[in-house]
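Now for the letters of each chain:
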Amino acid sequence: MAQYVRPALAHMDTNTGAMNKKKNARLPLAVVLITLIVCVAVAGVFTMAGCTQKTDSDTDSATNASSQKEVDVVEQHIKALSPEQKVAQLFVVTPESITGVGVTIAAGETTRQALLEYPVGGICYFAQNLQTPEQTKEMLQNSQEFSEEACGLPLLTCVDEEGGTVTRIASNEAFGVEDVGDMAAIGEAGSTSDAQDAAYYVGSYLKDLGFNVDFAPVADIATSDDKTMALRSFGQTPEDVAPMVAAQVRGFAKAGILCSAKHFPGIGSAEGDSHNVSIYTDASLDDMRAWSLVPFEAAIKEQVPLVMVGHLTCAGLTDANTDLPASLNPAVIDGILRKQLGYEGLVITDSLEMEAAVQACEPNQQAVLAIQAGADLVLMPKDFEQAYNGLLEAVREGEVSESRIDESLRRIISAKLGLV
């Protein structure tokens, strides 16, 4: 079994000492003088030839040109998509929800046809889909090829692999990787290097399998009696959690994996599990800024590529519709995450199959409300076809503008092209 070890820093070559002795040996004075004369002469030739170093303005111009080229490529992709394809790109779903297969463990003609009909932005895989390294690699590679065929864009291949109580791969001995353990243990040890190394290790084996998105790290501060969240969180104070979250964002980036800080605006103090019931907080915005938002701000400072919004109902926000969970609430996504914290990356909802989201609205309104609230990606709606058709109809009727859809597509496609 592969061992989880902290990535080694640069190693010293055993011959370094001998080499340094040779480099430090004194040269004859005549040789030094001749060398200086030659260098001056060569410098003069280059100066006369007009050779100069690049200026800052040259570098800025090159950077601007490159950025404009990237913008142009993104816009070309958007223009090439039909309205139906645009809407489909806003969804991340399980493979079963588009194929109709009981348990998907391969990607063949059924998957190909499903992606041609619904070229979704991403697919999220669970333990039931992942049997062996070879099977997983083939399934993900085939899915990527079908996505490119369907819409000319790669697929976000997603997984929940936090470590400890939430693993889809490390818990399966067939993959031969070590579980990095609960984040609570890493947080208690207090080493940000260990947190970064754990993320790098997880990200590395995910990337090798063909994944490009991991729904981690957990940025919640665990102060409730929920024992499950207590194990998943790095700690019980912002000072404990924030530096660990920032370190994991760096670790995942180093491994080449898009990570997602979750569950905004922080569900660690809420009683109950949003998988089963609605959860609430009475915290005001000032309270959140001083406590639960601190780890998310640390992640944003590290340029975290995704933020996952949870299903926390924020009763203490006076300008919010307190009947809506954060994942569907514009006061939370657009108001706090976008405007207050200035986040410009991808926003994804938590799974809309969870009871706290299901209770909030009808299935055909889930995606409509999420996009209107400011989310870019709709994760695992209760009924994909109803959610997709509901959003498509809202776009056709002008309830959701096409420009609003394009706004999210710019972020999604930019992230995807960055993976290539």
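Everything quoted here is computed from the prediction, not taken from an experiment.

So, how was this worked out
Starting from 1, residues in each chain are numbered consecutively following that chain's sequence as written. Totals for whole chains, interfaces and linings use all residues, but because this is a predicted model, local features are given only for residues with pLDDT of at least 70 and pairs of side-chain atoms are given and counted only at 80 or more. Side-chain measures here rest on the full set of heavy atoms in the structure, leaving out hydrogens and waters. A carboxyl oxygen of Asp or Glu within 4 Å of a side-chain nitrogen of Lys or Arg is what we treat as a salt bridge. A run of DSSP states H or I qualifies as a helix once it reaches four residues; a run of E qualifies as a strand once it reaches two. Both are numbered from the N-terminal end. Think of it in three bands: with a 1.4 Å probe and only protein chains considered, a residue is buried below 20% of the maximum accessible area for its type, exposed above 50%, and partly exposed in between. Strands are treated as partners if at least two bridges between them are detected by DSSP. The criterion for an aromatic pair is that two Phe, Tyr or Trp rings (for Trp, the six-membered ring) have centres within 6.5 Å, with stacked assigned to planes under 30 degrees apart, edge-to-face to planes over 60 apart and tilted to the rest. Any Lys NZ or Arg CZ found within 6 Å of a ring centre and within 35 degrees of that ring's normal is scored as a charge over the ring.

Q: Help me get a handle on the pattern of salt bridges, residues and values and all.
A: Side chains bearing opposite charge may pair, as long as their charged atoms lie close to each other. For the coordinates displayed, the defined rule picks out 17 salt bridges. Of the charged contacts in the structure, one is a salt bridge between Glu 84 and Arg 396, with a shortest N-O distance of 2.8 Å. Separated by 312 residues along the polypeptide, Glu 84 in helix 4 (residues 83-88) and Arg 396 in helix 17 (residues 384-396) bring together distant segments of the chain. Assessed through its relative accessible area of 29%, Glu 84 is described here as partly exposed. Look at Arg 396 and you get exposed, because its relative accessible area is 58%. Two residues, Asp 160 and Arg 168, come together in a salt bridge whose shortest N-O distance is 3.4 Å.

Q: Can you lay out the pairing of strand 7 (residues 306-309) for me, pointing to particular residues and giving the numbers?
A: Here strand 7 shows a buried face lined by Leu 306 and Met 308 and a second buried face lined by Val 307 and Val 309. Inspection of the sheet shows strand 5 (residues 258-264) paired to strand 7 by three bridges, in the parallel sense. Following the sheet pairing, Ser 260 is matched in strand 7 by Leu 306. Here strand 7 runs beside strand 9 (residues 346-349); their pairing, made up of four bridges, is parallel. Among the inter-strand pairings, Val 309 is bridged to a residue of strand 9, identified as Thr 349.

Q: Which residues make up the packing of aromatic side chains, and what values go with them?
A: Counting across every chain of the model gives eight aromatic pairs. Measuring from ring centre to ring centre gives 5.1 Å for Tyr 118 and Phe 384, while their planes differ by 85 degrees; the resulting arrangement is edge-to-face. In this pair, Tyr 118 sits in the loop between helix 6 (109-117) and strand 2 (122-125) while Phe 384 sits in helix 17, placing the two residues 266 residues apart along the sequence. For the pair Tyr 118 and Phe 384, one class covers both residues: buried. Pairing Tyr 201 with Tyr 205 gives two aromatic rings, centres 5.5 Å apart and planes at 80 degrees, and the pair type is edge-to-face. Of this pair, Tyr 201 and Tyr 205 both sit in helix 9 (residues 192-209), separated by four residues, roughly a single helical turn. Grouping residues by exposure puts Tyr 201 and Tyr 205 together as buried. Three or more aromatic residues joined by ring pairs make a cluster, and in this case those are Phe 91, Tyr 118, Phe 384 and Tyr 388. Lying over the aromatic face of Tyr 200, Lys 254 brings its terminal NZ or CZ to 4.7 Å of the ring centre.

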